[in-house]
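Architecture and fold: a report
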Amino acid sequence: MSAQQQEPEEPETQEVPEDQEMSGLASPQQERLQRKQESKAQRERAADEGDLDGDAVHLKVFRYDPEVADKQEPRFDDFHVPFERGMTVLDALIYARDEFDSSLTFRHSCRQAICGSDAFFVNGRQRLGCKTQISELDQPVRVEPLPHQEVVKDLVVDMDHFYDQMHAVEPYFQSEDLPEGEEQRQSRENREKVKMSTRCIWCGACMSSCNIAAGDNQYLGPAAINKAYRFAMDEREEEEIKEHRLRIVEQEHGVWRCQTQFSCTEVCPKDIPLTEHIQELKREAVKKNLKFW
Amino acid sequence: MYEHDVIVVGGGGAGLRAAIGAHEAGADTAIVTKLHPVRSHTGAAEGGINAALREGDDWELHAYDTMKGSDYLGDAPAIETLAQDAPEDVITLEHWGMPFSREDDGRVSQRPFGGLSFPRTTYAGAETGHHLLHTMYEQAVKRGIQVYDEWFVMNLAVTDEPDPNDRSCHGVVGYDVQTGKIEGFKARDGVVLATGPLGQAFDHTTNAVSCTGDGQAMAYRAGVPLEDMEFIQFHPTSLPSTGVLISEGVRGEGGILYNNEGERFMFEYGYANNDGELASRDVVSRAELTEVNEGRGVNDEYVHLDMRHLGEERIMDRLENILHLAEDFEGVDGLVEPMPVKPGQHYAMGGIETDENGQTNIDGLYAAGECACVSVHGGNRLGGNALPELIVFGKRAGRHAAGEDLGEARIETGYSPDVEEETDVDFPVEPGEAGIEPAVGEPVADGAGQVTDADAVLERAVEAERERVDYLMDKDDGVQHAEIRSKLQKAMTRDVNVFRTEEGIKRALKVIRECREEYQDVYVDDPSRTFNTDLQMTVETRNLIDVAETIALGALVREEFRGAHWRKEHQERKDDEWLKHTMISWNGGKPSVWYRPVILEGEGETYEPKVRSY
């Protein structure tokens, strides 16, 4: 049975395009493999055409600094960075900063898609700078801070609101009934069930892509709801805590705000099926016969 | 000024565990971190956590493997503490909800790792560090531990008695990255440094860009010796383009290394006939580079790591993350092609000298995690032993800093002129000779104008940092940090790498000295006080120069071949002379090198050095 059929009536729910219905989605693995093949083919085509190496990458980077006179009015700066095979958006930004303008500011750390600090708006889409190959993008490559977040400077946005929403779902294990001196048991199936939800790296891409979050500042948002899912579905927590968790997510600015637009799922750099998780929590909330609003 | 009982610097695995430990011991605890805790480099750890949890295994075996893996340069009290505490601390993580991989019976899975006599590496897919980091951050949130995120700690507030062993630490000086504000953080009971790695001293590293050895450099300049800095682990499987780590878990699950002729060289060329691909990391790293140097590398640069034969199901179950990394950073599909790999700087075995309770020779100053050297890893760290170090010694440091009695430590700290032996190796390039302008370098404790009142010590430190920042910001031109940093990194990767020669190390020391001189002319171009990463990286670069110098110096004076430290001119492990730790003290800006004997006497047995046979 699909998620759509199980949902309670939602007056505001938009029509979901046929091909995006959850029952029709390929598994994350299938999608990943498909994407992989496509991107590889694309890279090979570009290499065959011989226009990958030696070219300069044209970056258009958003600039703003509340303190510096000529940056107080937001603008775009152009940088031309020598292309190297395998170069990512982050590599290009680092080159621009180190070679051309040391005041160019952005967060980054691990450059392997796990610290979650370099989510930017690249060519109109939320992406991690470190795992986005320049060769897959149209030029000029336009790099902006995450939309719907307050800009601190250049590509750096204020993450406090995002963190607050993450904290609002009580994102910590609350089991009281712990075995003495040994681990709790958890079935492989249950671990598999929560596995994708535990991969969140708090990059904020999903929140930034969500139209509902943009319009409703109190909406918990996909990342926080996914965090709630991670615990609510973990069989090691007791039933009462699960009910408590469902009560948190079915509050006024919780799961029912989601209009299944799938933008969060589309931009998630860790392939977390966020929309599906939100829908599943809706179902759980109904099953628990909790109050509607 | 902010004030807490315990201030933990760094929000990664060790920092979070220290903060939770201190909090549980009743202390008002705060974490000050230059990132946000979930951005910390612990998140990049992949393989797993060693702990003797099962029948057939016990802590003594874990301790023995670790001592052997360290090439007998680990201290028995530290290693035994690690092995004894790890099972309980891993169970605690599970109780906190960490999503470990599971066996059919629901217990946590364990897998084999290099150098282990029992498959005792617990793991959560190939993203163990990510889950460890997030699980511990969740627990810090649960306890309401205060986190000052994006506050970069620039210096320690330490009294300046002439003898470092008499000094005390009263807090730290923080720089609010978002606003540029510089403030003191007073620690009533103690400061725990948990600032992590120093991999950015190298050009090709698995470490994040935040890993700039800040804790090591600050402690060193405050008077804490750095221990065994020459022992840098090079991980045999990092991706050639970026240095991104491919977990040892791939080889643990049965991944195979091939040269460009399709030969399984670990066996066929006899590098490790018993262990093959699962030999210690130093052995595999040297084998790979030997293949490349002898013309059997792929594209003259790397070798192939193949996991295709494991099958999609097993790969997806246990190593899925590796597929993503190979795909995103090399454009290789690990299910249908072998992955390119080469050795990359990965881990610093050495660091801030501490005892089993995380304490340094400076009263009130602690260190834990990769920035510290309790000496559990000695000459070479075993895979899966970094994460238990974080939780075991993070917890102990936090608790001890909060005033809990953990018993007397057996490991001594600090230099004692009557007992310790100094090195007789001459430094060909006088390191650190260049006079350092006080406004550019930190105020160095030298005993002049002693201040002992805690508030006054902190105020003085804050004032000095404000002056230093003003100086760097006001200067109109000069050299930029990126230029110096890049030069330093290239020299270290060229000459203080897997294979080391006397000539090469001396060349590196010369470059480090040049970097130190050039740093006198460094300036910050970005005029803004808002999120000034230019300023932050300039200060970090100073830290990198200091730690790089100790790494190169340590490598020069240790005239033997032990663990990860390979010297062309000295192809033997010399137990008669070298069962001792290399200690480097700041000594007013001119490093002095001395030694401390290794402690091989454990609780029950004395670990007798055995020949390493492969």
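For the structure, see preceding data.
About the criteria used
Residues numbered from 1 in each chain as written. Chains lettered and ligands numbered in written order. Predicted model: local features only at pLDDT ≥ 70, side-chain atom pairs only at ≥ 80, totals over all residues. Heavy atoms only, no water. Helix = DSSP H or I, 4+ residues; strand = E, 2+ residues; numbered from the N terminus. Buried < 20%, exposed > 50% of the residue type's maximum accessible area, 1.4 Å probe, protein only. Areas by Shrake-Rupley, 256 points an atom, 1.4 Å probe, with all protein chains shown as cover. Expected span 1.5 Å × (residues − 1). Contact = heavy atoms within 4.5 Å. Pairing = 2+ DSSP bridges. Buried area = accessible area lost by both parts, 1.4 Å probe. Salt bridge = Lys/Arg side-chain N within 4 Å of Asp/Glu carboxyl O. Polar contact = N/O pair within 3.5 Å; in protein donor to acceptor, adjacent residues only side chain to side chain. Nonpolar A, V, L, I, M, F, W, Y, C, P; charged D, E, K, R; others polar. Right-handed = clockwise from strand over helix to strand, strands pointing away. Phe/Tyr/Trp six-rings, centres within 6.5 Å; stacked < 30°, edge-to-face > 60°. Lys NZ or Arg CZ within 6 Å of the ring centre and 35° of its normal. Core = buried A, V, L, I, M, F, W, Y, C linked by side-chain atoms within 4.5 Å. Disulfide = S-S within 2.5 Å. Lys, Arg positive; Asp, Glu negative; His and termini not counted. Patch = residues over 30% accessible without salt bridge, like charges linked within 9 Å, V, L, I, M, F, W, Y side chains within 5 Å. Charge placed at Lys NZ, Arg CZ, Asp CG, Glu CD.

A short note on the overall build of chain A
Looking only at helices and strands, chain A features eleven helices and seven strands. For chain A, buried positions account for 57% of its 293 residues. Accessible surface for chain A amounts to roughly 12,900 Å². Of this, 44% is attributable to carbon and sulfur atoms.

Considering helix H13 (residues 481-495) of chain B
The end-to-end C-alpha distance of H13(B) is 21 Å, a good match for the 21 Å that 15 residues give at a rise of 1.5 Å each. Where H13(B) is buried, its residues contact helix H3 (89-100) of chain A together with strand E19 (499-500), helix H14 (502-519) and helix H15 (533-557) of chain B.

Things to note about the sheet that holds strand E3 (residues 49-50) of chain B
Residue and element names in this part refer to chain B. If you trace the three strands from one edge of the open sheet to the other, you get E3-E5-E4, paired in antiparallel fashion. Of all strands in the sheet, those bounded by a partner on one side alone are E3 and strand E4 (110-111). As paired elements, E3 and strand E5 (residues 121-122) share two bridges and run antiparallel to each other. Considered in E5, the bridge of Ile49 is made with Thr122.

What to know about the interface of chain B and chain A
Taken together, the contact pairs 75 residues of chain B with 63 residues of chain A. When the buried surface of chain B facing chain A is broken down by residue, B:Arg39, B:His95 and B:Arg102 rank first, second and third, together holding 12% of it. Put simply, chain B and chain A have 13 salt bridges between them. The partner of B:Arg54 in a salt bridge is A:Glu183, with the nearest N and O atoms 3.1 Å apart. Linking chain B to chain A there are 47 residue pairs in polar contact (both at pLDDT 80 or more). The biggest single contributor to the side of chain B that touches chain A is helix H4 (residues 128-142) of chain B, with eight residues. Within the side of chain B that touches chain A, the residues separate by chemical class into 25 nonpolar, 25 polar and 25 charged.

Thoughts on the environment of A:His58
Residues and elements named next belong to chain A. With respect to the secondary-structure elements, His58 resides in strand E1 (residues 56-63). A sequence separation of 182 residues divides His58 from Glu240, and the C-alpha atoms of the two residues are 55 Å apart. Contact partners of His58, with chain neighbours within four places excluded, come to Asp78, Phe79, His80, Gln139, Pro140 and Val141.

Side note on unusual backbone geometry
In this structure, A:Pro140 follows A:Gln139 across a cis peptide bond, with omega equal to -5 degrees. Here A:Pro140 shows up in the loop between strand E4 (125-128) and strand E5 (141-144). Even without glycine at this site, B:Asn299 takes up a positive phi of about 50 degrees. Tracing the backbone shows B:Asn299 in the loop between helix H8 (281-293) and strand E13 (303-306). Owing to a relative accessible area of 60%, B:Asn299 belongs among the exposed residues under this scheme. One non-glycine residue, B:Ser375, adopts positive backbone phi at about 75 degrees. Inspection of the secondary structure puts B:Ser375 in the loop between strand E17 (372-373) and helix H11 (386-401). Given a relative accessible area of 1%, B:Ser375 falls into the buried group.

Looking at H11(B)
Every α-helix winds through 3.6 residues per turn, so residues three or four apart in the chain are directed the same way. Residue and element names in this part refer to chain B. Taking 1.5 Å per residue as the helical rise, H11 with its 16 residues ought to reach 22 Å, and the 22 Å between its terminal C-alpha atoms agrees with that figure. Of all the 16 residues making up H11, 15 are buried; the element is thus mostly covered by neighbouring parts of the structure. Following H11 by one or two positions, Gly403 has its phi on the positive side, about 100 degrees.

Digging into the pairing of strand E2 (residues 29-33) of chain B
Residues and elements named next belong to chain B. Most of E2 sits inside the fold, with five of its five residues counted as buried. Neither face of E2 is open: one carries Thr29, Ile31 and Thr33, the other Ala30 and Val32, and all of them are buried. Of the crossover connections in this fold, the one passing from strand E1 (residues 2-9) over helix H1 (residues 13-24) to the parallel E2 is right-handed. Sheet topology note: the E2/strand E6 (residues 146-149) ladder contains four bridges and is parallel. Looking at the pairing, Val32 lines up with Tyr148 of E6.

Looking at the packing of aromatic side chains
Scanning the entire structure with this criterion turns up 21 aromatic pairs over all chains. When the centroid spacing of 6.4 Å and the interplanar angle of 90 degrees are considered together, the rings of A:Phe106 and A:Phe120 count as edge-to-face. Separated by 14 residues along the polypeptide, A:Phe106 in the loop between H3 and strand E3 (119-122) and A:Phe120 in strand E3 bring together distant segments of the chain. The exposure classification of A:Phe106 matches that of A:Phe120, with both residues buried. With centroids separated by 4.8 Å and ring planes inclined at 80 degrees, the aromatic side chains of B:Tyr148 and B:Phe185 adopt a geometry described as edge-to-face. Linking B:Tyr148 in strand E6 with B:Phe185 in strand E9 (residues 182-193), this pair joins segments that are 37 residues apart in sequence. Following the ring pairs from residue to residue traces out a cluster consisting of A:Phe162, A:Tyr163, A:Trp202 and B:Tyr137. The positively charged end of B:Arg381 is found above the aromatic ring belonging to B:Tyr347, 4.2 Å away from the centroid. Cation over ring: B:Lys580 sits above B:Trp578, and NZ or CZ is 4.9 Å from the ring centre.

Looking at the nonpolar core
A:Leu59, A:Leu93 and B:Met266 are the most contacted members of the largest nonpolar core, which totals 168 residues. Counting residues per element, this core draws most heavily on helix H3 (residues 76-95) of chain B, which supplies nine residues. Core analysis: the second largest hydrophobic core is formed by 88 residues, A:Val156, B:Leu226, B:Val457 and B:Ala508 among them.

Some words on the state of the cysteines
For the structure shown, the criterion picks out zero disulfides over all chains. With no disulfide of its own, A:Cys203 has A:Cys206 as its nearest cysteine by sulfur position, at a separation of 6.3 Å. Residue B:Cys211 stays outside any disulfide, its sulfur separated by 9.8 Å from that of A:Cys110, the closest cysteine. B:Cys211 sits in the buried class, given a relative accessible area of 2%.

Focus on the side chain of B:Ser109
Residue and element names in this part refer to chain B. Position of Ser109 among the secondary structure elements: in the loop between H3 and E4. A polar atom in the side chain of Ser109 sits 3.2 Å from the side chain of Glu103. In contact with Ser109, other than residues within four places in its own chain, are Ser101, Arg102, Glu103, Thr121, Thr122 and Tyr123.

Re the side chain of B:Glu288
Residue and element names in this part refer to chain B. Tracing the backbone through its elements, the reader meets Glu288 in helix H8. Buried and without a salt bridge, Glu288 has Arg251 as its closest oppositely charged side chain, separated by 6.1 Å. Those residues in contact with Glu288 that sit more than four places away from it in its chain are Pro236, Thr237, Leu257, Phe265, Val303, Val341, Lys342 and Pro343.

A few points about a negative patch on the surface
Residues B:Asp58, B:Glu60, B:Glu603 and B:Glu605 make up a contiguous surface patch of negative charge. Turning to its location among the elements, B:Asp58 is positioned in the loop between E3 and helix H2 (59-69).

Considerations on the pattern of salt bridges
All chains considered together, the criterion is met by 91 salt bridges over all chains. Between A:Arg63 and A:Asp77 there is a salt bridge, with its nearest N and O atoms 2.9 Å apart. Linking A:Arg63 in strand E1 with A:Asp77 in strand E2 (residues 75-82), this pair joins segments that are 14 residues apart in sequence. Accessibility assignment for this pair places A:Arg63 and A:Asp77 in one class, buried. Among the ionic contacts, a cluster of salt bridges with common partners joins B:Asp71, B:Asp228, B:Glu230, B:Arg558, B:Glu560, B:Arg562, B:Arg573 and B:Asp575.

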